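Observations on the model geometry
For reference, the chains in residue letters:
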Amino acid sequence: MFFQKNFYWGASTSSHQVEGNNHNDWTEWEKGVARQKSQLALARQMKGNVWPEFILKNYPSPLEEENYISGETCDHYNRFKEDFDIAKTLGHNAHRFSIEWSRIEPEEGKFDAKEIEHYREVIRALREREMEPFVTLWHWTLPLWVRDLGGWENRKTVDYFVRYCRKLAEEFKNEVTFFITLNEPSLWASNAYRTGNFPPAKKNLLVFNQVFWNLHRGHARAYRAMKEINQNFSVGITQNTGEIRSSLPLANFYYHLNTFFLKTIQDVMDFVGLDYYRGVPVGKKTHETSDLGWEIHPEGLYRVLKRLARYQKPIFILENGIADAADTKRAHYIVDHTAQISRALVEEIDVRGYFYWSLLDNFEWGDGFWPRFGLVEVDYETQGRKIRESALEYKKVIDSQKPD
Ligand code: BGC
């Protein structure tokens, strides 16, 4: 393989998915949809045996209401030090996490100093373990007051978001270099305003368009505000640009949308943040799939990297992972995807880091807890952690790249 000495190896998480006890637009939404989701899952299972026994026996299973309510999730808010200890033993030298806006600014314009200190401790804990923090400022959840004012539909939210980003940039100007303003903005907007999978679940193309541009403005203005505070910040977004090899109109739509977003922010991004999970199905499934039915297609990553080289910016793969409760596919998923990165590196494509999604099993949004993405298995009844075999295989990949 062909990785540089200072290549970042790590894993990613996001606040709502791992922290526990949040109070935001998602926690409210979950309460309203959990029962219906569990009933639908039961109906699906009775019709077609969608989930194998080994998934149904894990707690919570897709058939239970608890599956769809984030609640305590992994209690990472209290256990981050022990979780970072695990990441350290797994050889990671970087870690991506997100700051929860609803904790920092629970009421309009009132920043919570205690919560800011909490995240300062998180950053310190990473630094103490020699892990570089990659900090996401918005990973899909909104404070309730922002939701009540219309969320990203409201142009004012751009101002609120920029104020929040500026505040954190001031607070952490000497402690953090890498910031991700928005996680997968166009994919989020599609789920929230086209397909109705995410709150506020409106299906309205006009509103979708408004939201798309507000997210765009949010990033561009936050970028400029943050760079004024510290020129040395490296600021970008993540985008799931996918690989296009599909005749399906929806897949093409996502491809164009995500690519378009990235193209239009070229002047206000210091790196390209890529989230890559899967190949896009071409009619009949031809590849092995994950527990979520996503096609495993490592070569697609290489092709996407080649395409992204045109931006002439450093590329970070900020998410790449698989839902695999039995842990039979994850090891080769990681080995095969990282091999595709080294293929790109040989061609001098400037990839600087790889972050597996996710360090821990966590709350997988609308699907809830049953999809198991973690390098570390979480027992949701006891909060016990267990390192999966595949995490050790990932460590071997990392170790094989370390200078002697
Ligand atoms: C999101 C994560 C999510 C993952 C797997 C990404 O699009 O950023 O929050 O868990 O996909 O679905």
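This text goes with the structure placed above it.
An account of the accompanying structure is given in this report. Note that residues are indexed from 1 along each chain, following the sequence as it is written. Thresholds applied to this predicted model are a pLDDT of at least 70 for local features of residues and 80 or more for the giving and counting of side-chain atom pairs; totals over whole chains, interfaces and linings are not thresholded and use all residues. Excluding hydrogens and water, the side-chain values take into account all heavy atoms of the structure.

**Details of the packing of aromatic side chains**
Selection rule: Pairing of aromatic side chains requires ring centres within 6.5 Å, counting the rings of Phe and Tyr and the six-membered ring of Trp. Pairs whose planes differ by under 30 degrees are stacked, by over 60 edge-to-face, and all others tilted. The numbering of helices and of strands both runs from the N terminus, where a helix is a DSSP run of H or I of at least 4 residues and a strand a run of E of at least 2. Relative accessibility decides the category of a residue: with a 1.4 Å probe and only protein chains considered, values under 20% of the type maximum give buried, values over 50% give exposed, and everything between is partly exposed. Two conditions define a charge sitting above a ring: the NZ of Lys or the CZ of Arg must be within 6 Å of the ring centre, and it must be within 35 degrees of the ring normal.
Counting across every chain of the model gives 41 aromatic pairs. When the ring of Tyr-8 is compared with that of Phe-134, the centres are 5.3 Å apart and the planes differ by 75 degrees; the resulting orientation is edge-to-face. Taken together, the residues Tyr-8 in strand S1 (residues 8-12) and Phe-134 in strand S3 (residues 132-138) connect sequence positions 126 residues apart. Comparing Tyr-8 with Phe-134 shows no difference in burial state: the two are buried. By the ring-pair criterion, three or more aromatic residues cluster together here, those being Trp-101, Trp-138, Trp-145, Trp-152, Tyr-160, Phe-161, Tyr-164, Trp-188 and Tyr-193. We note Arg-278 situated over the ring of Trp-294; from NZ or CZ to the ring centre the distance is 4.1 Å.

**Thoughts on unusual backbone geometry**
Note that the residue after Tyr-59, namely Pro-60, is joined by a cis bond; omega there is -10 degrees. Note on placement: Pro-60 falls in the loop between helix H3 (53-56) and helix H4 (76-89). The backbone phi angle of Asn-21 is positive, close to 55 degrees, even though this residue is not glycine. On the secondary structure map, Asn-21 appears in the loop between helix H1 (15-18) and helix H2 (25-48). Although it is not a glycine, Glu-130 sits at a positive phi angle of roughly 55 degrees. Along the chain, Glu-130 falls in the loop between helix H6 (113-128) and S3. For Glu-130, a relative accessible area of 60% puts it in the exposed group.

**Let's talk about the site of the ligand**
Cut-off, in case you're wondering: If even one non-hydrogen atom of a residue comes within 4 Å of a molecule or strand, that residue is called near it. Think of a polar contact as two N or O atoms within 3.5 Å of one another; within protein, one of them needs to be a possible hydrogen donor and the other a possible acceptor, and neighboring residues in sequence only count if both atoms come from side chains. Method for areas: the Shrake-Rupley scheme with a 1.4 Å probe, in which residue coverage is limited to the protein chains shown. Amino acid classes used here: Ala, Val, Leu, Ile, Met, Phe, Trp, Tyr, Cys and Pro are nonpolar; Asp, Glu, Lys and Arg are charged; the rest, including Gly, are polar.
Close to the ligand lie Gln-17, His-139, Trp-140, Asn-183, Glu-184, Tyr-277, Trp-294, Glu-319, Trp-357, Glu-364, Trp-365 and Phe-373, which account for all nearby residues. Gln-17 has a polar side-chain atom sitting 2.8 Å from an oxygen atom of the ligand. At 2.9 Å, a side-chain N or O of Glu-319 approaches an oxygen atom of the ligand. Computed on the free molecule, the ligand has an accessible area of 310 Å², of which 95% lies beneath the protein chains in the complex. When its residues are assigned to classes, the shell around the ligand shows six nonpolar, three polar and three charged.

**Regarding the side chain of Asp-275**
Put simply, the rule is: The charge count treats Lys and Arg as positive and Asp and Glu as negative. His and the chain ends do not count. Definition used for salt bridges: Asp or Glu carboxyl oxygen within 4 Å of a side-chain nitrogen of Lys or Arg. Here a residue-residue contact requires only that any non-hydrogen atoms of the pair lie within 4.5 Å.
Among the structural elements, Asp-275 can be located in strand S6 (residues 272-275). Although Asp-275 lies buried, it forms no salt bridge, and the closest oppositely charged side chain, Arg-96, sits 4.0 Å away as judged by the N-O distance. A distance of 3.4 Å separates polar atoms of two side chains, one belonging to Asp-275 and the other to Thr-238. Polar side-chain contacts of Asp-275 include one of 3.3 Å to the backbone nitrogen of Glu-319. In contact with Asp-275, other than residues within four places in its own chain, are Arg-96, Asn-183, Glu-184, Thr-238, Gln-239, Asn-240, Thr-241, Leu-318 and Glu-319.

**Here we look at the sheet that holds S6**
Here is the rule we go by: Here, strands pair whenever DSSP counts at least two bridges between them. Axis geometry follows a simple rule: fit a line to the C-alpha atoms, using only the stretch in contact for helices, then measure angles between N-to-C directions, giving values from 0 to 180 degrees.
Strand order in the closed barrel formed by eight strands is S1-S2-S3-S4-S5-S6-S7-S8, and the pairing between neighbours is parallel. Adjacent strand axes in the sheet meet at a mean angle of 25 degrees when their direction is disregarded. Where S6 meets strand S7 (residues 315-319), four bridges bridge the pair, whose relative direction is parallel. Among the inter-strand pairings, Gly-273 is bridged to a residue of S7, identified as Phe-316. Across the sheet, helix H9 (residues 185-195) touches S3, strand S4 (178-183) and strand S5 (234-239), and the angle it forms with S5 is around 40 degrees.

**Examining the environment of Tyr-380**
Its location among the elements puts Tyr-380 in the loop between strand S9 (376-379) and strand S10 (384-387). Taking the C-alpha atoms as reference points, Tyr-380 and Asn-362, separated by 18 residues in sequence, lie 9.4 Å from one another. Not counting chain neighbours up to four residues away, the residues in contact with Tyr-380 comprise Tyr-59, Pro-60, Thr-73, Cys-74, Asp-361, Asn-362, Phe-369 and Arg-372. Among the polar contacts listed, one links the side chain of Tyr-380 to the backbone oxygen of Asp-361, at a separation of 3.3 Å. A distance of 3.1 Å separates the side chain of Tyr-380 from the backbone nitrogen of Asn-362, its partner in a polar contact.

Note that all results are geometric; they support no functional claim without further evidence.
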